[in-house]
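Structural characterization, general
What follows is each chain in one-letter form.
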Amino acid sequence: MTTLTVPLADEAATMALGRQLATLVPGGLVLYLHGDLGAGKTTFARAFLGAIGVGERIKSPTYSLVEGYEVDGRPAFHLDLYRIADPGELEWLGLDALAEPGAIVLVEWPERGTGALPAADLVLNLTREGSGRSASWQAHGDRGRRVLDGLSGAVNVPDASSAG
Ligand SMILES: Nc1ncnc2c1ncn2[C@@H]1O[C@H](COP(=O)(O)OP(=O)(O)O)[C@@H](O)[C@H]1O
Ligand SMILES: [Mg+2]
(Lines give C-alpha, C1' and ligand atoms only; values in the text may rest on other atoms or scores of the structure.)
(Ligands and ions follow the chains in the order given, each with its own letter.)
Protein backbone atom coordinates (compact mmCIF):
# COMPACT_ATOMS: atom_id res chain seq x y z
CA MET A 1 0.00 0.00 0.00
CA THR A 2 1.35 3.41 -0.89
CA THR A 3 -1.46 5.83 0.02
CA LEU A 4 -4.19 5.98 2.63
CA THR A 5 -6.65 8.72 3.60
CA VAL A 6 -8.23 8.84 7.06
CA PRO A 7 -10.85 11.35 8.28
CA LEU A 8 -10.10 12.93 11.68
CA ALA A 9 -13.28 14.39 13.16
CA ASP A 10 -11.65 15.98 16.19
CA GLU A 11 -8.44 16.35 18.15
CA ALA A 12 -8.99 13.00 19.86
CA ALA A 13 -8.99 11.30 16.45
CA THR A 14 -5.69 12.96 15.54
CA MET A 15 -4.18 11.72 18.79
CA ALA A 16 -5.60 8.23 18.31
CA LEU A 17 -3.96 8.04 14.88
CA GLY A 18 -0.64 9.05 16.42
CA ARG A 19 -0.96 6.31 19.01
CA GLN A 20 -1.91 3.79 16.33
CA LEU A 21 1.18 4.58 14.28
CA ALA A 22 3.26 4.16 17.43
CA THR A 23 2.21 0.52 17.70
CA LEU A 24 3.51 -0.16 14.18
CA VAL A 25 6.90 1.51 14.17
CA PRO A 26 9.67 -0.82 13.06
CA GLY A 27 13.31 -0.35 14.10
CA GLY A 28 13.32 3.20 12.86
CA LEU A 29 11.12 5.56 10.90
CA VAL A 30 11.36 8.91 9.16
CA LEU A 31 8.00 10.72 9.00
CA TYR A 32 7.44 14.07 7.31
CA LEU A 33 4.45 16.05 8.62
CA HIS A 34 2.92 18.49 6.15
CA GLY A 35 0.07 20.89 6.79
CA ASP A 36 -0.76 24.53 7.48
CA LEU A 37 -0.25 26.15 10.88
CA GLY A 38 -2.84 24.63 13.18
CA ALA A 39 -3.38 21.55 11.01
CA GLY A 40 -2.47 19.21 13.88
CA LYS A 41 1.15 18.23 13.19
CA THR A 42 2.35 18.83 16.75
CA THR A 43 -0.79 17.26 18.21
CA PHE A 44 -0.10 14.13 16.18
CA ALA A 45 3.63 14.10 17.01
CA ARG A 46 2.99 14.47 20.77
CA ALA A 47 0.53 11.57 20.82
CA PHE A 48 2.93 9.43 18.81
CA LEU A 49 5.99 10.22 20.94
CA GLY A 50 4.09 9.66 24.17
CA ALA A 51 2.86 6.31 22.92
CA ILE A 52 6.30 5.04 21.89
CA GLY A 53 7.41 5.67 25.45
CA VAL A 54 8.72 9.22 25.75
CA GLY A 55 8.11 9.78 29.44
CA GLU A 56 9.08 13.42 29.77
CA ARG A 57 6.99 16.43 28.78
CA ILE A 58 6.93 16.71 24.99
CA LYS A 59 7.55 20.32 24.04
CA SER A 60 6.84 21.75 20.61
CA PRO A 61 10.19 22.33 18.87
CA THR A 62 8.92 25.64 17.47
CA TYR A 63 11.83 27.60 18.96
CA SER A 64 14.45 24.91 19.55
CA LEU A 65 13.98 23.50 15.98
CA VAL A 66 14.78 20.02 17.27
CA GLU A 67 13.94 18.07 20.44
CA GLY A 68 15.73 14.79 21.08
CA TYR A 69 14.53 11.87 23.20
CA GLU A 70 15.70 8.38 24.03
CA VAL A 71 13.21 5.55 23.92
CA ASP A 72 14.40 2.10 25.00
CA GLY A 73 17.95 3.17 24.18
CA ARG A 74 17.02 4.38 20.72
CA PRO A 75 17.03 8.00 19.57
CA ALA A 76 13.84 9.84 18.66
CA PHE A 77 13.79 13.32 17.18
CA HIS A 78 11.01 15.86 16.68
CA LEU A 79 11.79 18.80 14.41
CA ASP A 80 9.83 21.90 13.45
CA LEU A 81 11.54 23.78 10.62
CA TYR A 82 8.91 26.51 10.24
CA ARG A 83 11.40 29.22 11.14
CA ILE A 84 14.08 28.00 8.72
CA ALA A 85 14.49 30.17 5.64
CA ASP A 86 17.33 28.18 4.07
CA PRO A 87 18.31 24.52 4.68
CA GLY A 88 21.92 25.72 5.13
CA GLU A 89 20.82 27.15 8.49
CA LEU A 90 20.50 23.56 9.71
CA GLU A 91 24.19 22.70 9.41
CA TRP A 92 25.07 23.74 12.95
CA LEU A 93 22.36 21.48 14.38
CA GLY A 94 24.41 18.38 13.50
CA LEU A 95 21.54 16.45 12.00
CA ASP A 96 23.71 13.43 11.07
CA ALA A 97 22.18 11.46 13.95
CA LEU A 98 18.82 11.62 12.18
CA ALA A 99 20.15 9.35 9.44
CA GLU A 100 20.95 6.46 11.81
CA PRO A 101 18.92 3.44 10.68
CA GLY A 102 17.29 2.96 14.08
CA ALA A 103 16.32 6.58 14.63
CA ILE A 104 12.72 7.70 14.87
CA VAL A 105 12.40 11.09 13.18
CA LEU A 106 9.34 13.33 12.91
CA VAL A 107 9.68 16.56 10.95
CA GLU A 108 7.17 19.43 10.75
CA TRP A 109 7.73 21.72 7.74
CA PRO A 110 10.22 19.29 6.11
CA GLU A 111 10.09 21.29 2.86
CA ARG A 112 12.22 23.91 4.64
CA GLY A 113 14.99 21.37 5.26
CA THR A 114 15.30 19.89 1.80
CA GLY A 115 18.71 18.30 1.36
CA ALA A 116 19.51 18.36 5.08
CA LEU A 117 17.10 15.60 6.11
CA PRO A 118 17.04 11.83 5.67
CA ALA A 119 14.52 10.61 3.09
CA ALA A 120 10.99 9.98 4.38
CA ASP A 121 9.57 6.49 4.83
CA LEU A 122 6.16 8.06 5.34
CA VAL A 123 4.62 11.42 4.55
CA LEU A 124 1.53 12.62 6.39
CA ASN A 125 -0.42 15.55 4.99
CA LEU A 126 -2.97 17.09 7.37
CA THR A 127 -5.65 19.33 5.85
CA ARG A 128 -8.71 21.04 7.28
CA GLU A 129 -12.02 19.43 6.48
CA GLY A 130 -15.02 21.21 7.96
CA SER A 131 -14.30 21.55 11.67
CA GLY A 132 -12.06 18.48 11.55
CA ARG A 133 -9.06 17.30 9.56
CA SER A 134 -8.18 14.81 6.89
CA ALA A 135 -5.00 12.73 7.07
CA SER A 136 -3.42 11.65 3.78
CA TRP A 137 -0.55 9.19 3.98
CA GLN A 138 2.06 8.37 1.39
CA ALA A 139 4.59 5.57 1.80
CA HIS A 140 8.04 5.52 0.24
CA GLY A 141 10.07 2.33 0.05
CA ASP A 142 9.56 -1.03 1.72
CA ARG A 143 9.75 0.21 5.29
CA GLY A 144 7.12 2.88 4.71
CA ARG A 145 4.82 0.52 2.84
CA ARG A 146 4.96 -2.08 5.59
CA VAL A 147 3.99 0.48 8.20
CA LEU A 148 1.17 1.85 6.05
CA ASP A 149 -0.17 -1.67 5.46
CA GLY A 150 -0.35 -2.08 9.21
CA LEU A 151 -1.98 1.28 9.69
CA SER A 152 -4.67 0.62 7.10
CA GLY A 153 -5.62 -2.52 9.00
CA ALA A 154 -5.59 -0.71 12.33
CA VAL A 155 -7.60 2.41 11.53
CA ASN A 156 -10.51 0.54 9.97
CA VAL A 157 -12.82 3.51 9.50
CA PRO A 158 -15.82 3.13 7.20
CA ASP A 159 -14.92 5.94 4.80
CA ALA A 160 -11.16 5.52 4.79
CA SER A 161 -9.97 5.24 1.21
CA SER A 162 -6.81 3.63 -0.01
CA ALA A 163 -4.96 2.80 -3.16
CA GLY A 164 -1.79 1.10 -4.32
N1 LIG B 1 -8.87 16.32 13.83
C2 LIG B 1 -8.97 17.54 14.38
N3 LIG B 1 -10.12 18.24 14.30
C4 LIG B 1 -10.21 19.48 14.83
N5 LIG B 1 -9.22 20.09 15.52
C6 LIG B 1 -8.04 19.43 15.63
C7 LIG B 1 -7.87 18.14 15.08
N8 LIG B 1 -6.62 17.74 15.36
C9 LIG B 1 -6.02 18.72 16.04
N10 LIG B 1 -6.88 19.75 16.21
C11 LIG B 1 -6.64 21.05 16.86
O12 LIG B 1 -5.96 21.86 15.93
C13 LIG B 1 -4.87 22.52 16.56
C14 LIG B 1 -3.61 21.98 15.97
O15 LIG B 1 -2.52 22.60 16.56
P16 LIG B 1 -1.06 22.00 16.34
O17 LIG B 1 -1.06 20.54 16.57
O18 LIG B 1 -0.13 22.84 17.11
O19 LIG B 1 -0.87 22.27 14.75
P20 LIG B 1 0.45 22.40 13.88
O21 LIG B 1 1.57 21.76 14.63
O22 LIG B 1 0.10 21.70 12.60
O23 LIG B 1 0.65 23.87 13.66
C24 LIG B 1 -5.00 22.24 18.05
O25 LIG B 1 -5.73 23.28 18.63
C26 LIG B 1 -5.78 20.93 18.10
O27 LIG B 1 -6.60 20.83 19.23
MG1 LIG C 1 3.49 22.48 15.08
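Quick caveat, the model's predicted, so the values are computed rather than measured.

**Points about the coordination of the magnesium ion (ligand 2)**
At 2.1 to 2.2 Å from the magnesium ion (ligand 2) lie its protein donor atoms, namely T42 (OG1) and E108 (OE). Residue T42 is found in helix α2 (residues 41–52), and its partner E108 is found in strand β5 (residues 104–108); the two are separated by 66 residues along the sequence. Taking relative accessible area as the criterion, T42 reaches 16% and is therefore assigned buried.

**Quick look at the pairing of strand β7 (residues 132–139)**
On a regular strand, one side chain projects to one face of the sheet and the next to the other, so that they alternate. Along β7, 6 of the 8 residues are buried, which leaves the element largely enclosed by surrounding structure. In terms of strand pairing, strand β1 (residues 3–8) meets β7 through 6 bridges, oriented antiparallel. Opposite T3, over in β7, you have Q138 as the bridge partner. Turn length for the strand β6 (residues 122–129)-β7 hairpin, with the two strands adjacent in sequence and antiparallel, is 2 residues, and the turn residue G130 shows positive phi of about 60°.

**Observations regarding the packing of helix α1 (residues 11–22) against α2**
One can describe the packing of α1 onto α2 by two numbers: an axis separation of 7 Å at closest approach and a directional angle of 40°. Between α1 and α2, the interaxial angle falls into the category oblique. Considering how the two elements wind past one another, α1 and α2 form a crossing that is right-handed. Here α1 contributes E11, T14, M15, L17, G18, R19, L21 and A22 to the contact with α2, which in turn contributes T43, F44, A47, F48, A51 and I52.

**As for the side chain of T14**
Residue position: T14 is located in helix α1. Residues contacting T14, with those up to four places away along its chain left out, are L8, G40, T43 and F44.

**Some points on the site of ligand 1**
As a matter of local geometry, ligand 1 sits amid 17 residues, with T14, G38, K41, T42 and T43 nearest to it. T43 is positioned such that a nitrogen or oxygen atom in its side chain is 2.6 Å from an oxygen atom of ligand 1. For ligand 1, whose unbound accessible area comes to 570 Å², protein coverage reaches 74%. The set of elements that each furnish at least two residues to the shell around ligand 1 consists of α1, α2 and β7. Class assignment for the residues of the shell around ligand 1 results in 4 nonpolar, 7 polar and 6 charged.

Quick notes on the rules
Residues numbered from 1 in each chain as written. Chains lettered and ligands numbered in written order. Predicted model: local features only at pLDDT ≥ 70, side-chain atom pairs only at ≥ 80, totals over all residues. Heavy atoms only, no water. Donors = N, O, S within 2.8 Å, 3.2 Å for Na, K, Ca; no water. Helix = DSSP H or I, 4+ residues; strand = E, 2+ residues; numbered from the N terminus. Buried < 20%, exposed > 50% of the residue type's maximum accessible area, 1.4 Å probe, protein only. Pairing = 2+ DSSP bridges. Axes fitted to C-alpha atoms, helices over the stretch in contact; angles between N-to-C directions. Parallel < 35°, antiparallel > 145°, perpendicular 65-115°, else oblique. Left-handed = near helix turned anticlockwise from the far one by under 90°. Contact = heavy atoms within 4.5 Å. Near = heavy atom within 4 Å. Polar contact = N/O pair within 3.5 Å; in protein donor to acceptor, adjacent residues only side chain to side chain. Areas by Shrake-Rupley, 256 points an atom, 1.4 Å probe, with all protein chains shown as cover. Nonpolar A, V, L, I, M, F, W, Y, C, P; charged D, E, K, R; others polar.

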